Amino acid sequence: MIQLDFRSSQPIYEQIISQYKYMMLQGYLKKGEPIPSVRRLALELNITPGTVSKAYRELEQQGLIETVRGKGTFAAGMPENMRNEGVVRKVREELKEQFIELICQGLDKKEIIRLVEEIMEELKGGTSGD
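The rules behind the values
- Residues numbered from 1 in each chain as written.
- Predicted model: local features only at pLDDT ≥ 70, side-chain atom pairs only at ≥ 80, totals over all residues.
- Heavy atoms only, no water.
- Helix = DSSP H or I, 4+ residues; strand = E, 2+ residues; numbered from the N terminus.
- Buried < 20%, exposed > 50% of the residue type's maximum accessible area, 1.4 Å probe, protein only.
- Contact = heavy atoms within 4.5 Å.
- Areas by Shrake-Rupley, 256 points an atom, 1.4 Å probe, with all protein chains shown as cover.
- Lys, Arg positive; Asp, Glu negative; His and termini not counted.
- Charge placed at Lys NZ, Arg CZ, Asp CG, Glu CD.

A. Examining the overall build of the protein chain more closely. Scanning the protein chain from N- to C-terminus turns up five helices and three strands. From first element to last, N terminus to C terminus, the protein chain shows the α and β order α-β-α-α-β-β-α-α. In terms of overall dimensions, the protein chain has a C-alpha envelope of 55 × 35 × 25 Å along the principal axes. Out of the 130 residues in the protein chain, the part that is buried amounts to 22%. In the protein chain, the share of contacts with a sequence separation of at least 24, taken over all contacts with a separation of at least 6, comes to 43%. Accessible surface, the protein chain: about 9,700 Å² in total, of which carbon and sulfur atoms supply 52%. Across the protein chain, the centroid of the 19 positively charged side chains sits 6 Å from that of the 20 negatively charged ones.

Here it is, written out as structure tokens:
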């Protein structure tokens, strides 16, 4: 289910968040489906429960998971209007850096746009969101 890259510069808790979001976007994890407890996922991934707890707190704040006391933690689905302008600004800056790298690799505007469209197709399962 969750695969961690311990060599990545991305923090472990962020990797967990990203992978749960990806699983929800792809339909692998549907609304109402249970996800492992903090302790169980920590054991499976061989990481501290605090790291998993941090990821779960963030996912819960974003409305992507919900914890029902005594029953467990469940996928809440992708909210329709999840837009957070702070996150959008942060990702825009990250994209800017990546676009600089692509331009340095010789890609032009059309090629970069085509690449973005391909990625959107992959993430949305063939729907462009238009």
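B. Representation of the environment of E66 in the model. Mapped onto the elements, E66 comes out in strand β2 (residues 65-68). Along the chain, E66 and A76 lie 10 residues apart, while their C-alpha atoms are 6.0 Å from each other. Those residues in contact with E66 that sit more than four places away from it in its chain are E60, G72, T73, F74 and A76.

Note that all results are geometric; they support no functional claim without further evidence.
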